[in-house]
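Given next are the chains, with one letter for each unit.
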Amino acid sequence: MLHSHPGLFLTCCAALLVLASGSSPNLPIISFDEGYTQLFGDNNLALHGDGKSVHLSLDERTGSGFASQDLYLHGFFSASIKLPSDYTAGVVVAFYMSNGDMFEKNHDEIDFEFLGNIRGKDWRIQTNIYGNGSTSVGREERYGLWFDPADDFHQYGILWTDSQIIFYVDNVPIREVQRTEAMGGQFPSKPMSLYATIWDGSDWATNGGKYRVNYKYAPYVAKFSDLVLHGCAVDPIEHQTSCNNVPSHKAIPQGITPRQRTKMEYFRKKHMTYSYCYDRTRYKVPPSECVINPKEADHLRAFDPVTFGDGRHHRPKRHRQSRTSRVDASM
């Protein structure tokens, strides 16, 4: 159990609320050896640029991954990532927080998952959260992107406080989860490590497993740089936090700004392809934390009227997302 004091806990949360803008050049970027350790993969993990960049490879032999040296209770965590190109069906690249190694049956998790695709089809991005082992509930969302994530590095960030979780892509918040009283322990609340992995998800990642990893195109290489670990470190033995050691950064505005919220709304109504909040086949009544946006509902209903509508249509129209509708340049 976590032994935290209310005063210390509130101090930690106040310090972290200033981190809600995503990336900033003023956030400290660390080398791999300063904050991470190899998780698996032997030589499929390679350091570059004086240890400031990490390449993770997947081949027929193994995938690879790394994890933070410390546990964290809340914070802002990000990395610039360049995904593999060409045929990537079945390939899964993940950037996430978890404590599954400590809490096997009641773990917490906050996920970015990048799902590969066949040649000519775009990578898809999925976010999800679990709290206290609530994997049977699932709070998945999936999106297209307004760029090709295999062409260049783009930044992906997670803000986690005691009351909210925000996912960012290139400083654009794409998803906000506000904790509600009804969620109880299903909101992630225990210390977690940060992970990055690449692995073979052939059984489910692309069209439900229809397209599998083709190792003719291996090795698949995911590149990570600009690593940011900025949060409340937790003693792995005593589970006590050191939140008072978290400095604030004046260059980072507090909360989601009105301009950022406009960008988030634009992204979600243009690029979101699935949200559990609107899935009428799973939930007759949306879960308590869901905030229903009519524009998002209309977009998803047009994309898949069976899942998100009244179920009477059997040939949902599929709208390919155009990268010309750039979120970062539209506002």
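For the structure given in this document, a descriptive report is provided here. Quick caveat: nothing in here was measured; it's all calculated off a predicted structure. All chains use their own residue numbering, which begins from 1 and follows the written sequence. With pLDDT at 70 or above as the cut-off, local features in this predicted model cover only qualifying residues; side-chain atom pairs require 80 or more to be listed or tallied, and sums for whole chains, interfaces and linings still use all residues. Each side-chain value is derived from all of the structure's non-hydrogen atoms; neither hydrogens nor water enter the calculation.

### Notes on the layout of surface pockets
A cavity here means a set of 1 Å grid points, computed over protein atoms only, where a 1.4 Å probe fits but cannot escape. A pocket is an open set with protein on both sides within 12 Å along at least 5 of 7 lines, and lining residues have an atom within 4 Å of a point. Grid points are joined across faces, edges and corners, and a volume is the space filled by probe spheres set on the points. Roughly 380 Å³ of volume is contained in the second largest pocket. Together, 18 residues line the second largest pocket, and Glu-176, Met-264, Arg-268, Val-291 and Glu-296 are the ones closest to its centre. Helix and strand labels come from DSSP, where a helix needs a run of H or I of at least four residues and a strand needs a run of E of at least two; each type is numbered from the N terminus. Those elements giving two or more residues to the lining of the second largest pocket turn out to be strand E12 (172-178) and helix H3 (258-271). Gly is put with the polar residues, along with every residue not named as nonpolar or charged; the nonpolar set is Ala, Val, Leu, Ile, Met, Phe, Trp, Tyr, Cys and Pro, and the charged set is Asp, Glu, Lys and Arg. Class assignment of the residues belonging to the lining of the second largest pocket gives a composition of seven nonpolar, three polar and eight charged.

### Let's talk about the pattern of salt bridges
Think of it this way: side chains of opposite charge can pair up when their charged atoms draw near. Criterion for a salt bridge: a side-chain nitrogen of Lys or Arg within 4 Å of a carboxyl oxygen of Asp or Glu. Here the structure, examined in full by the defined rule, presents 11 salt bridges. One salt bridge connects Glu-141 with Arg-175, and the closest N-O pair in it is separated by 3.7 Å. Of the two residues, Glu-141 sits in strand E9 (residues 141-143) while Arg-175 sits in strand E12, which places them 34 residues apart along the sequence. Using a 1.4 Å probe on the protein chains alone, a residue whose accessible area is under 20% of its type maximum counts as buried, one over 50% counts as exposed, and one in between counts as partly exposed. Residue Arg-175 is classed as buried on the basis of its relative accessible area, which comes to 2%. Residues Asp-298 and Arg-301 are paired through a salt bridge, measuring 2.8 Å at the closest nitrogen-oxygen approach. A residue pair is termed a helical-turn pair when its members lie 3 or 4 positions apart in one helix, as Asp-298 and Arg-301 do in helix H4 (residues 294-303) at three residues.

### Some words on the sheet that holds strand E11 (residues 164-169)
Two strands pair if DSSP finds at least two bridges between them. Reading across from one edge, E2-E3-E14-E5-E10-E11-E12 is the order of the seven strands in this open sheet, with antiparallel pairing throughout. Every other strand in the sheet has two partners, leaving strand E2 (45-48) and E12 as the edge strands with one partner each. Across the sheet, the axes of successive neighbouring strands diverge by a mean angle of 20 degrees, strand direction being ignored. Bridge count for strand E10 (residues 154-160) against E11 is five bridges, and the pairing is antiparallel. By the bridge assignment, Tyr-156 is partnered in E11 with Val-169. For helices, the fitted axis covers only the stretch in contact; all axes are lines through C-alpha atoms, and the angles between them, taken along N-to-C directions, range from 0 to 180 degrees.

### Examining the packing of aromatic side chains
Ring pairs are drawn from Phe, Tyr and Trp, using the six-membered ring of Trp, whenever the two centres fall within 6.5 Å, and their geometry is named by plane angle: stacked under 30 degrees, edge-to-face over 60, tilted for the rest. Per the counting criterion, the structure on display carries 18 aromatic pairs. Ring geometry for Phe-76 versus Tyr-168: centroids 6.0 Å apart, planes at 70 degrees, classification edge-to-face. Note that Phe-76 is positioned in strand E5 (residues 71-82) and Tyr-168 in strand E11, a separation of 92 residues in sequence. This pair shows no difference in class: Phe-76 is buried, exactly as Tyr-168 is. When the centroid spacing of 6.1 Å and the interplanar angle of 5 degrees are considered together, the rings of Phe-112 and Phe-114 count as stacked. Judged on exposure class, the residue Phe-112 and its partner Phe-114 are both buried. Feature note: the residues Phe-32, Tyr-36, Phe-66 and Phe-224 constitute an aromatic cluster, connected by ring pairs. Here, a charge over a ring means that NZ of Lys or CZ of Arg falls within 6 Å of the ring centre while also lying within 35 degrees of the ring normal. Across the ring face of Tyr-274, the terminal group of Arg-142 is positioned such that the distance to the ring centre comes to 4.6 Å. Here Lys-190 stacks its cationic end above the ring of Phe-103, 5.1 Å away from the centre of that ring.

### Quick word on the state of the cysteines
Any two cysteine sulfur atoms within 2.5 Å of one another count as a disulfide. If you walk through the whole model with that rule in mind, you get one disulfide. With its sulfur 2.0 Å from that of its partner, Cys-277 forms a disulfide with Cys-290. The S-S bond linking Cys-277 to Cys-290 shows a torsion near -80 degrees; that makes this disulfide left-handed. Of this pair, Cys-277 sits in the loop between strand E15 (272-275) and H4 while Cys-290 sits in the loop between E15 and H4, and the two are 13 residues apart along the sequence. Assigned by exposure class, Cys-277 and Cys-290 land together as buried.

### Quick notes on the side chain of Thr-88
Here Thr-88 is to be found in the loop between E5 and strand E6 (91-98). Assessed through its relative accessible area of 2%, Thr-88 is described here as buried.

### Notes on the packing of H3 against H4
Close contact between H3 and H4 brings their axes to 8 Å; oriented N to C, the two are set at 20 degrees. The orientation of H3 relative to H4 falls into the category roughly parallel. Considering the relative orientation of H3 and H4, their crossing is right-handed. The segment H3 lies against H4, with Arg-268, Lys-269, Lys-270 and His-271 engaging Lys-295, Glu-296 and His-299. These descriptions rest on fixed angle ranges, namely under 35 degrees for roughly parallel, over 145 for roughly antiparallel, 65 to 115 for roughly perpendicular, and the rest for oblique. If you view the pair so one helix is near and one far, a crossing is left-handed when the near helix is turned anticlockwise from the far one by less than a right angle, and right-handed when it is turned clockwise. The contact rule is simple, with two residues in contact once any of their heavy atoms fall within 4.5 Å.

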